[in-house]
Structures are given as C-alpha cells and as structure tokens.
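Residues per chain, in single letters:
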Amino acid sequence: MNATAETTSKAKKHIRGAAITGMGIVAPNGVGTDAFWKGVREGITFLDRLTREGCEDFPLRVAGQVRGFEPGSVVEERYLVQTDRFTHFAMTAAELALDDARLPRKDMSPYAVGVVTASGSGGGEFGQRELQQLWGKGPRYVGPYQSIAWFYAASTGQISIRGGFKGPCGVVANDEAGGLDALAHACRSIRHGADAIVVGAAEAPLAPYSVVCQLGYEEMSLARDAGRAYLPFTADACGFAPGEGGAMLIVEEEGAALRRGARVRGRILGHGATFTGPSMWERSREGLAQAIRVALAEAGCAPEEIDVVFADALGTPEADRAEALAIADALGAHGTRVPVTAPKTGFGRAYCAAPVLDVASAVLAMEHRVVPPTPYVTDVCHDLDLVTGTSRACGARTALVLSRGLMGCNAALVLRGPEGDM
C-alpha cells in the first residue's frame, strides 16, 4: 500500500459512522413501526376521500389522512396547546423513536444529543385558526403561540425543549427533498462530535388554508377515485395524492451505539443533493442522476451493490420518465434490473416527510428481507422493475432512497442494513 492510500485508509477508519437505532412513525397506515410496516408490507391502501372540515368543496378529493390519532396520549397538554398538528406528529414520532432506541438520556450529556427536522408546510391549521380569530374577533383573541406554532422550526424547538436536548439543533426547509437533507445534516453533526441526533420530518398539509396553497401545484392529482389518484410510472399517471404524518429516527455514532449494546437497525452511508429548477422535470433527470452518483461515491458503493430503490414517484408522465432515466443513467444496466418500489402510493405523498417514511420503509425492508409493493399500480410503462401487487422476497442489504421537490431540489440517500459490511 502506498503512503497516500495508507493515509486515506486510516482517515476512513476514524470516520464517525451514523447508525439508525430507533424509529417512530405516525402515518395514515398506522401509528408505530409495527402498524406502519404491516400496511406497507401488505400493500394495504389508505388513500380516501378528503374529509377534513373546511375542505369538503375543494377540487382536491383524495388524500392520505391520519385517522384516530390521539396526541394527548403521548404529549403533555402544555405542549399540545402551543403546537400545530404537524408538531404533534413529530413529537409523538420522536418519543416512539427514543423508546425504540432505548437511548440512555439520563446518562448522556444534554449537549451530546441534538434535533434536526424538515418541514415544507409548517403549521397551517394553527395559523389559520388564529388568523380567523384576528379578523373575526380582533387581536385580543389571538393566542401568544401564533408567533411560533406555524413556524417550520417549531418541531425542532419543541422536541429539544421537551427532551432537554442541547446539542446541535436545526431545521431544513428545502422542498420535499429536505427530508433526506435533514438526515445528511444529522450525519454531519455525528461526524463533528454529537453522540445522537433525533431527526426526521412530519407534515400536516390538509388544513383548508394549506390545501388552498397546494391547489396551485400542477403536479397534484385532482382525481375523484382513490384507485386512480396516484399512479406513478403508468400511462394513467395524473399527479400525486398528498398525505400527512411523518417519521423520526434516532441516529447515533455507531461506535457509541455498539458499546452501549444498542440494536443497529441500519446505517446511513451516503447522500447527494442537486438543484434543477421548479417543475423542470426533464432537467431533473440529470440532477437526480448526479445526486445518486454523489451519494454512491460518498458511500463507497458501486451501482450494482444497490439491492432496492425507493423511488420519488411524483406521478406525472414527465417526472416519472425523468426519474426512470435518471436511475438508468446513474446505475447503468443494473438500473433496469434492480427492484424499485414506491409504498407512498398507498398512503399519500407527505412532502418533506415522504422520503423519511421511505427511509423507514427501506430499513424495515432490509430487516425483513422483502421489498414492499407499490399499491394501486399495475401496468408499468417505463423500463423499471417496479414491484407491484405483493411484496417480493429479496435479500436486500443496500437501499437507495430518492426524493425530488416541486421547486427543483433532488436528493439521494444510500442505506445499508444492520448485517451489511461497512
């Protein structure tokens, strides 16, 4: 080995790896990892008519709604009154993730644990309610938490306050791809000395004001039939059905996690991000392919090592074609053979939370050695091995998760299962 190679090898040995040790989920197909995975693995469909009060007469008819959610069973009243539904999701998922990781918080310095979340829509329901009070009754009727509850950073702030976490904290407001970017941000914090990061994304974009804002998206599906609303990679693709919910993960420095006997559920190996402009889906082919290449290079992973791809699956002909070609561009001939899936078609595209839910699905898929199906989709019109109908047995060790935003951000993340080699 020459001197340069030896130096590089030693440097790699000292990189603080990022391990996923806990997951918490609140989604239309279940609260908690077990309920979520059952819905994803079995391809159960949860898209339905949008029934949120105030949305009955909107052009948007189909969405993925979290039903039967009781945040008060997990989150204290004093936090509930200060926060919007999207933060209720995030705080609940964070507590579930912390329990799953069995993080020894009492034995850790509060400065060793940080929080990073991503958000695209913020607290629309809380903000709408308070603005209605302002215009209907006057400023005396506006609550003091209006100034913070709607804000993108509210979930990060409330999770850190509630948990006493004083380590590196942040919020990523970077289009839908921000969910993957938040995980990359967490990994950087781990490399720079943090022991653990509570990281993820949650969205609640189905309040009336939030829906009105989304009606300007040409890519959003206005189909009336849940079975026809979200059909990516098919000739009938007519856009995406929005969803709500989210996932939070505990990402720890791998050495510390192993020393305390934690269960390592997966490892984050590489991330790439690019920008190609709003709704410029042809250009997203090049941008997404480049993000994949960067993620693979950072992971030290060859294209043929990817065992499954969790697709962005926007659901418009132009965007789907660009993604299929980007996968082929970045992975070569392997891109047409590797299993591809998009479980989100069964419960909706929850903006920044969508790719984090895909990461959770990928970790679970590698744990259970199956690739979950893409609900509703049958006839694929692109050169992809899209998994449809039922789950497919697969000894997946390495997964690629993709995400694109309506404003032009592209991101890719490489994950490895707990038994994969570093």
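By the naming in an unreviewed UniProt entry, the chain goes by Ketosynthase chain-length factor and is assigned to Streptomyces botrytidirepellens.

Trainee: Please provide a residue-by-residue account of the nonpolar core, values included.
Mentor: Note on soluble globular proteins: their nonpolar side chains tend to be buried together. Residues Ile20, Phe36, Leu183, Val199, Ile268, Val359 and Leu415 are the most contacted members of the largest nonpolar core, which totals 52 residues. When residues are assigned to domains, this core turns out to be shared by domain 1 (18–260) and domain 2 (266–416), each giving three or more. Formed by 51 residues, the second largest nonpolar core is a distinct cluster that contains Ala63, Leu288, Ala330 and Leu386.

Trainee: Break down the pairing of strand S6 (residues 169–172) for me, citing the residues and quoting the values.
Mentor: Burial along S6 is one-sided: the residues Gly170 and Val172 are buried and none of Cys169 and Val171 is. Note that strand S5 (residues 113–118) and S6 share four bridges and pair parallel. Following the sheet pairing, alanine 118 is matched in S6 by valine 172.

Trainee: Lay out the domain arrangement of the chain in plain terms, naming residues and giving numbers.
Mentor: If you check the domain split of the chain, you get domain 1 (18–260) and domain 2 (266–416). In this structure, domain 1 and domain 2 have C-alpha centres spaced 21 Å apart. Listed as interface residues are 64 residues of domain 1 and, on the opposing side, 64 residues of domain 2. Three residues, Glu176, Leu180 and Phe233, lead the burial of domain 1 against domain 2; their summed loss comes to 19% of the area buried on that side. Where domain 1 packs against domain 2, one counts one salt bridge. Glutamate 254 is the salt-bridge partner of arginine 267, the closest N and O atoms lying 2.6 Å from each other. The interface formed by domain 1 and domain 2 holds 22 residue pairs in polar contact (both at pLDDT 80 or more) in total. Looking at the side of domain 1 that touches domain 2, the elements with two or more residues in it are strand S1 (18–27), helix H2 (33–41), helix H8 (178–191), strand S7 (196–203) and strand S8 (245–253). In terms of residue class, the side of domain 1 that touches domain 2 is made up of 38 nonpolar, 18 polar and eight charged.

Trainee: Kindly report on the pattern of salt bridges, identifying the contributing residues and their values.
Mentor: This model, assessed by the stated rule, comprises 19 salt bridges. Between glutamate 42 and lysine 38 there is a salt bridge, with the nearest N and O atoms lying 2.9 Å from each other. Salt-bridge contacts for arginine 85 lead to glutamate 244; the nearest nitrogen and oxygen are separated by 3.1 Å. One end of the pair, arginine 85, is in helix H4 (residues 85–101); the other, glutamate 244, is in the loop between helix H9 (208–214) and S8, with 159 residues separating them in the sequence.

Trainee: Kindly report on unusual backbone geometry, identifying the contributing residues and their values.
Mentor: A positive phi angle is found at tyrosine 351, which is not glycine, with a value near 50°. Topologically, tyrosine 351 is positioned in the loop between strand S11 (339–341) and helix H13 (353–368).

Trainee: For the environment of glutamine 214, give the residues involved together with the corresponding values.
Mentor: Here glutamine 214 lies in helix H9. Of the residues examined, glutamine 214 reaches a relative accessible area of 4% and is grouped as buried. Separated by 154 residues in sequence, glutamine 214 and leucine 60 have C-alpha atoms that sit 9.2 Å apart. If near-sequence neighbours (up to four positions away) are discounted, glutamine 214 is found in contact with Pro205, Met220, Pro242 and Tyr351.

Trainee: A description of helix H7 (residues 154–163) should follow, citing residues and the corresponding values.
Mentor: Three or more residues of H7 are buried, namely Ala154, Ser155, Thr156, Gln158, Ile159 and Ser160. Trailing H7 by a residue or two, glycine 164 shows a phi angle of about 70°, which is positive.

Trainee: Explain H2 residue by residue, including any values.
Mentor: Three- or four-residue spacings in an α-helix give side chains the same orientation, since the helix completes a turn every 3.6 residues. Looking at H2, one finds that the buried residues are Thr33, Phe36, Trp37, Gly39 and Val40. Taken down its axis, H2 places every buried residue within 160° of arc, on the same side. In this structure, the buried residues of H2 make contact with S1, strand S2 (30–31), H13 and strand S12 (370–371). Remark: glycine 43 follows H2 within two positions and exhibits a positive phi of approximately 65°.

Trainee: Which residues make up the environment of aspartate 175, and what are the values?
Mentor: Relative to the helices and strands, aspartate 175 is located in the loop between S6 and H8. For the pair formed by aspartate 175 and valine 359, sequence separation is 184 residues and the distance between their alpha carbons is 17 Å. Discounting residues that sit within four places of it in the chain, aspartate 175 has contacts with Cys352, Gly405, Leu406, Met407, Gly408 and Cys409. At a separation of 3.2 Å, a polar atom in the side chain of aspartate 175 contacts the main-chain amide nitrogen of glycine 408.

Trainee: Please give an account of the confidence of the model for the chain that cites residues and values.
Mentor: The predicted coordinates of low-pLDDT regions are not to be read in fine detail. In this model, the chain carries an average pLDDT of 93, and 96% of its residues clear a pLDDT of 70 or more. With pLDDT under 50 throughout, residues 1–13 is counted as low confidence; its partners more than four residues away or in other chains account for two contacts.

Trainee: I'd like a description of the side chain of threonine 374, backed by residues and values.
Mentor: Its location among the elements puts threonine 374 in the loop between S12 and strand S13 (385–386). Looking at threonine 374, the relative accessible area reads 1%, which means it is buried. A distance of 3.0 Å separates a polar atom in the side chain of threonine 374 from the backbone nitrogen of alanine 342.

Parameters at a glance
- Residues numbered from 1 in each chain as written.
- Predicted model: local features only at pLDDT ≥ 70, side-chain atom pairs only at ≥ 80, totals over all residues.
- Heavy atoms only, no water.
- Core = buried A, V, L, I, M, F, W, Y, C linked by side-chain atoms within 4.5 Å.
- Buried < 20%, exposed > 50% of the residue type's maximum accessible area, 1.4 Å probe, protein only.
- Domains from an automatic or database assignment.
- Helix = DSSP H or I, 4+ residues; strand = E, 2+ residues; numbered from the N terminus.
- Pairing = 2+ DSSP bridges.
- Contact = heavy atoms within 4.5 Å.
- Buried area = accessible area lost by both parts, 1.4 Å probe.
- Salt bridge = Lys/Arg side-chain N within 4 Å of Asp/Glu carboxyl O.
- Polar contact = N/O pair within 3.5 Å; in protein donor to acceptor, adjacent residues only side chain to side chain.
- Nonpolar A, V, L, I, M, F, W, Y, C, P; charged D, E, K, R; others polar.
- Arc of directions from axis to C-beta.
- pLDDT = per-residue confidence, 0-100.

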